[in-house]
Amino acid sequence: TADIERGKTKVPGFVVAKLFEDHQINPSWLFESSDLMRLTTDKPSLVPKVITVNSEDKENVLLVEVKAAAGYPQHIMDRSWYERLPAFDLPLKEFRNATYRGFQVEGESMLPALNPGDWVLARAVDSFNALRNSKIYVVVLEDSVMVKKIELKPNSNKLSLVSLNPNYDSYEIHAFQIQELWEVSSKITFVIEQDQSLQLLT
């Protein structure tokens, strides 16, 4: 080992490869081109922890308003808590064959696309491989629920949570911090600009 450290003895490539394999070391991390140290598929499951169904055995769309969102991470495995949330189903083909949930938007970080008090309807994401760069997601962390645009970082187990409002900074999180992930597909808003409402009527 001392000769290797002094450069007198070289380690054969097959030995280096075996060490990488046994210890799951990312070669890019060793050469400082990635912050992902280990090559592992051990990422947290993003599958919704609880789903509810109606009397016809069809999945409900649960509505998580702002106050409920504050306690969502703490109750993420508590079926009885979910059963107290308002629920409905949408008989539209766009909402078939997937799990959807409604979340109310809080704050102004996603203006102009989303206003405070808007509702987003979001589809469950069950794998990190399904993440799409720059899409808007409801991100359930260990202590909060937020609506953000996600930007993936190559060769990293980190990702950026980005606000659309330039007055709010983006920040990085580790993948393991995410408990659930929901891709926003549509919204319900109560803010319609006057000129837009006129266009709808003409």
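This text follows the structure it describes.
As the structure is a prediction and not an experimental result, all values here were calculated from the model.

### Here's the deal with the overall build of the chain
Step number 1: Tallying secondary structure elements over the chain gives six helices and nine strands in all.
Step number 2: Each of the 202 residues in the chain was classed as buried or not, and the buried ones make up 33%.
Step number 3: In the chain, once contacts between residues fewer than 6 apart in sequence are set aside, the share between residues at least 24 apart is 59%.
Step number 4: For the chain, the accessible area works out to roughly 12,900 Å², and carbon and sulfur atoms hold 52% of it.

### Focus: the pairing of strand β5 (residues 136-140)
Step number 1: Within β5, four of the five residues are buried, leaving the element largely enclosed by the surrounding structure.
Step number 2: Following β5, the chain reverses through four residues before pairing antiparallel with strand β6 (residues 145-152).
Step number 3: Taken together, the four bridges between β5 and strand β9 (residues 180-188) define a ladder with antiparallel strand orientation. Residue pairing for β9: Tyr-137 is matched across the bridge by Glu-183.

### A few points about the side chain of Thr-99
Step number 1: Within the element layout of this structure, Thr-99 appears in the loop between β2 (87-88) and β3 (100-104).
Step number 2: Excluding residues within four positions of it along the chain, Thr-99 makes contact with Pro-48, Ile-51, Glu-59, Ala-122, Arg-123, Ala-124 and Trp-182.

### Structural notes on the sheet that holds strand β8 (residues 171-174)
Note on sheets: strands pair through backbone hydrogen bonds, and any given pair is parallel or antiparallel.
Step number 1: With mixed pairing, nine strands are arranged side by side in an open sheet as β2-β1-β3-β4-β9-β5-β6-β7-β8. Where the open sheet ends on each side, the last strands, each with one partner, are β2 and β8.
Step number 2: Strand direction decides the pairing type here: strand β1 (residues 61-64) and β2, joined by two bridges, are antiparallel. Each residue of the ladder has a partner; that of Val-61, found in β2, is Phe-88.

### What about the side chain of Ser-144?
Step number 1: Among the structural elements, Ser-144 can be located in the loop between β5 and β6.
Step number 2: A distance of 3.4 Å separates polar atoms of two side chains, one belonging to Ser-144 and the other to Asp-143.
Step number 3: Ignoring any residue separated from it by four or fewer positions in sequence, one finds Ser-144 in contact with Pro-73 and Val-139.

### Notes on unusual backbone geometry
Step number 1: A cis amide bond, omega 10°, links Leu-111 with the succeeding residue Pro-112.
Step number 2: Of note, Pro-112 is situated in the loop between β3 and β4 (119-124).
Step number 3: One non-glycine residue, Asn-97, adopts positive backbone phi at about 60°.
Step number 4: Along the polypeptide, Asn-97 turns up in the loop between β2 and β3.
Step number 5: With a phi angle near 70°, Ser-134 is a residue other than glycine that sits in the positive phi range.
Step number 6: Within the secondary structure layout, Ser-134 lies in the loop between β4 and β5.

### Some remarks on the nonpolar core
Step number 1: Counting 22 residues, the largest nonpolar core has Tyr-72, Tyr-82, Val-120, Val-138, Val-147 and Trp-182 as its most contacted members.
Step number 2: Elements that contribute at least two residues to this core include exactly β1, α4 (66-71), α5 (79-82), β4, β5 and β9.
Step number 3: Of the residues forming this core, the biggest block, three residues, is contributed by β4.
Step number 4: The next biggest cluster of nonpolar side chains, apart from the first, holds 15 residues, and it includes Leu-131, Tyr-137, Leu-159 and Ile-173.

What counts as what
- Residues numbered from 1 in each chain as written.
- Predicted model: local features only at pLDDT ≥ 70, side-chain atom pairs only at ≥ 80, totals over all residues.
- Heavy atoms only, no water.
- Helix = DSSP H or I, 4+ residues; strand = E, 2+ residues; numbered from the N terminus.
- Buried < 20%, exposed > 50% of the residue type's maximum accessible area, 1.4 Å probe, protein only.
- Contact = heavy atoms within 4.5 Å.
- Areas by Shrake-Rupley, 256 points an atom, 1.4 Å probe, with all protein chains shown as cover.
- Pairing = 2+ DSSP bridges.
- Polar contact = N/O pair within 3.5 Å; in protein donor to acceptor, adjacent residues only side chain to side chain.
- Core = buried A, V, L, I, M, F, W, Y, C linked by side-chain atoms within 4.5 Å.

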